[in-house]
Amino acid sequence: MTSRPGLPLTFIIPVLNGERFMERCLEYIRRESAPGDEIIVVDNGSRDRTVALVRAAPGVTLLEAPGVTIAGLRNLGARAARNGTLAFIDADCLVCPGWRASVERVLSDPAVTATGSYYDVPEQSTWVERAWWSFRPRHEHRATFIISGNLIVRKAAFDAVGGFDATLVTDEDTDLSRRLVAAGAVLVEAPSVRVIHLGNAKTLRHFYRKEKWHATSILATMRSHTIDRPMMLTFLFLLSIGMAAAAPFVLHGPFVPVVMLLCLLTAPGITALYKVYTHGNYRYFFQLLPLYFVVYLVRSLILIEAALKPRAAAAQ
């Protein structure tokens with residue numbers, strides 16, 4: 001623990017069956033802690049050794065809330081917090097040296113409401129991890145979104161917008177960021193507020209499973225907000241599927257498979273090109289193509305399933 005006084009933080013760590021990461025997560029947080037900080041772990045009903053490890057950790061408050069969403073876990077921690085600044089850190093993240101100094105520097109400006117940054121990857125990472133997080137920014141900038149696994153926010157502003165939407169299974173950070181910005185909050189993404197994420201998808205199959213889970217709340221967020229860019233590109237992907245399916249019936253010749261492939265890769269290609277152009281990581285373009293294909297595929301499947309449900313119910 002650093003000995004210098006600083007901005008008192010309440011670290012809030014939601015967890016479910018996180019024994020693989022829990023001890024290291026707490027260890028790295030302590031290295032970046034200062035007097036007056038508190039650490040709150042909110043467990044979601046772990047069946048492994050997570051709870052025992054947290055109880056054995058000195059100076060850590062344990063809250064137990066089985067069966068609630070991760071947004072609900074974070075809200076419980078925020079309600080129990082005594083300090084005026086909340087640091088939401090996921091259990092599979094390691095805060096890096098200099099994290100605390102960067103947080104204090106950014107939040108020393110009273111106009112800034114929240115800070116944080118996208119995850120970094122471990123040194124021993126797969127191509128899926130490196131490509132997916134290749135858009136991590138290099139420079140500090142005003143943002144419209146801060147990822148909830150590395151989010152530091154003033155409690156007064158967090159409470160003023162009602163915290164996370166506990167009804168959302170995923171995408172709660174996008175929703176919170178939108179409401180904070182709508183309320184006039186200033187969000188600053190600072191790459192030096194760095195954490196290493198250990199729980200990344202490491203294979204394409206694992207990536208598919210994670211994205212399928214992450215996409216479960218897109219209908220809820222679509223109902224409560226205007227259609228955003230990812231949703232527009234999902235609709236484009238759906239249209240591209242229809243065009244690819246129609247290609248063999250309206251076109252002839254050896255180029256039909258090429259046309260079908262180009263149709264299917266339109267939305268993933270636009271997104272991958274935008275990402276590599278924005279962040280200058282052009283070498284990841286062809287690796288991002290299959291990843292964004294998976295993203296739009298699972299989002300499209302959820303939309304198709306939702307559209308078919310009313311018809312199935314009416315037919316019964």
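Before any of the text, the structure's been laid out above.
Residues numbered from 1 in each chain as written. Predicted model: local features only at pLDDT ≥ 70, side-chain atom pairs only at ≥ 80, totals over all residues. Heavy atoms only, no water.

> Tell me what's going on with the overall build of the protein, and back it up with residues and numbers.
Along the protein, the regular secondary structure elements total 13 helices and 10 strands. Relative to the globule expectation of 20 Å for 316 residues, the C-alpha radius of gyration of the protein, 21 Å, shows essentially globular dimensions. Projecting the C-alpha coordinates of the protein onto the three principal axes gives extents of approximately 75 × 50 × 40 Å. Counting every position in the protein, which comprises 316 residues, the buried fraction comes to 50%. Of the contacts formed within the protein by residues at least 6 apart in sequence, a portion of 78% connects residues at least 24 apart. (Helix = DSSP H or I, 4+ residues; strand = E, 2+ residues; numbered from the N terminus. Rg over C-alpha atoms; globule rule 2.2 N^0.38 Å. Buried < 20%, exposed > 50% of the residue type's maximum accessible area, 1.4 Å probe, protein only. Contact = heavy atoms within 4.5 Å.)

> Any details on the nonpolar core? Residues and values, ideally.
If you look at the biggest cluster of nonpolar residues, it comprises 68 residues, and the most contacted ones within it are Ile13, Met22, Ile89 and Trp99. Ranked by the residues each element gives to this core, the list is headed by helix 13 (residues 285-315), at 11 residues. The residues touching isoleucine 89, leaving out its near neighbours within four places in the chain, are Phe11, Ile12, Ile13, Pro14, Cys25, Ile29, Val95, Trp99, Gly149, Asn150 and Val195. Grouped together as the second largest cluster of nonpolar side chains are 22 residues, Ala65, Leu73, Ala81 and Leu151 included. (Core = buried A, V, L, I, M, F, W, Y, C linked by side-chain atoms within 4.5 Å.)

> So what's going on with the pairing of strand 2 (residues 38-43)? Residues and values would help.
The buried count for strand 2 comes to 6 of 6 residues, which makes it a mostly enclosed element. Neither face of strand 2 is open: one carries Glu38, Ile40 and Val42, the other Ile39, Val41 and Asp43, and all of them are buried. Pairing geometry for strand 1 (residues 9-15) and strand 2, over 6 bridges, is parallel. Directly across from valine 15, in strand 2, lies its bridge partner aspartate 43. Remark: the strand 1/helix 1 (residues 22-31)/strand 2 crossover connection has right-handed handedness. (Pairing = 2+ DSSP bridges. Right-handed = clockwise from strand over helix to strand, strands pointing away.)

> Provide a residue-level description of helix 7 (residues 172-182), including the pertinent values.
Residues of helix 7 that are buried include every one of Glu172, Asp173, Thr174, Asp175, Leu176, Ser177 and Leu180, and no others. Check the buried side of helix 7 and you find it contacts helix 3 (70-80), strand 8 (150-154), helix 6 (155-160) and strand 9 (187-189).

> So what about the side chain of aspartate 43? Which residues, and what values?
Mapping aspartate 43 onto the fold places it in strand 2. Here aspartate 43 sits buried without a salt bridge, and the closest side chain of opposite charge, arginine 55, lies 8.3 Å off (N-O distance). A distance of 2.4 Å separates a polar atom in the side chain of aspartate 43 from a polar atom in the side chain of serine 46. (Lys, Arg positive; Asp, Glu negative; His and termini not counted. Salt bridge = Lys/Arg side-chain N within 4 Å of Asp/Glu carboxyl O. Polar contact = N/O pair within 3.5 Å; in protein donor to acceptor, adjacent residues only side chain to side chain.)

> Any chance you could break down the pattern of salt bridges for me, citing the residues and the numbers?
In total, this model carries 13 salt bridges according to the counting rule given. One salt bridge connects glutamate 64 with arginine 55, and the closest N-O pair in it is separated by 2.9 Å. We classify glutamate 64 as partly exposed; its relative accessible area is 48%. A relative accessible area of 59% means that arginine 55 is categorised as exposed. Between aspartate 159 and lysine 155 there is a salt bridge, with its nearest N and O atoms 2.9 Å apart. Highlighted residues: aspartate 159 and lysine 155, both in helix 6, separated by 4 residues, approximately one helical turn. Given the relative accessible area of 42%, aspartate 159 is considered partly exposed. Look at lysine 155 and you get buried, because its relative accessible area is 17%. Several salt bridges share partner residues, and in doing so they unite Asp37, Arg100 and Glu104 into one network.

> Quick rundown of unusual backbone geometry? Include the residues and the values.
Unusually for a residue other than glycine, asparagine 17 sits at a positive phi of about 50°. Inspection of the secondary structure assignment puts asparagine 17 in the loop between strand 1 and helix 1. The exposure class assigned to asparagine 17 is partly exposed, which follows from its relative accessible area of 30%. Here the phi dihedral of aspartate 171 falls at roughly 65°; this positive angle occurs in a residue that is not glycine.

> Tell me about the environment of leucine 187, and name the residues and values.
Turning to its location among the elements, leucine 187 is positioned in strand 9. On the basis of relative accessible area, leucine 187 is assigned to the buried category, the value being 1%. Put simply, leucine 187 and arginine 49 are 138 residues apart on the chain and 36 Å apart in space, counted from C-alpha to C-alpha. Each residue touching leucine 187, except ones within four places of it in the same chain, is listed here: Ala114, His141, Arg142, Ala143, Thr144, Phe145, Ile146, Ser177, Leu180 and Val181.

> Help me get a handle on empty space enclosed by the protein, residues and values and all.
It is a probe the size of a water molecule, rolled over the atoms, that shows where empty space is left. Here the structure, examined in full by the defined rule, presents 1 cavity of 30 Å³ or more. The volume enclosed by the largest cavity comes to roughly 30 Å³. Lining the largest cavity, in full, are Ile146, Leu151, Asp173, Leu176, Ser177, Leu180 and Leu187. The element contributing the most residues to the lining of the largest cavity is helix 7, with 4 residues. Considering only residue class, the lining of the largest cavity consists of 5 nonpolar, 1 polar and 1 charged. (1 Å grid on protein atoms, 1.4 Å probe; cavity = no way out; pocket = protein on both sides within 12 Å on 5 of 7 lines; lining within 4 Å. Points joined across faces, edges and corners; volume = space filled by probe spheres on them. Nonpolar A, V, L, I, M, F, W, Y, C, P; charged D, E, K, R; others polar.)

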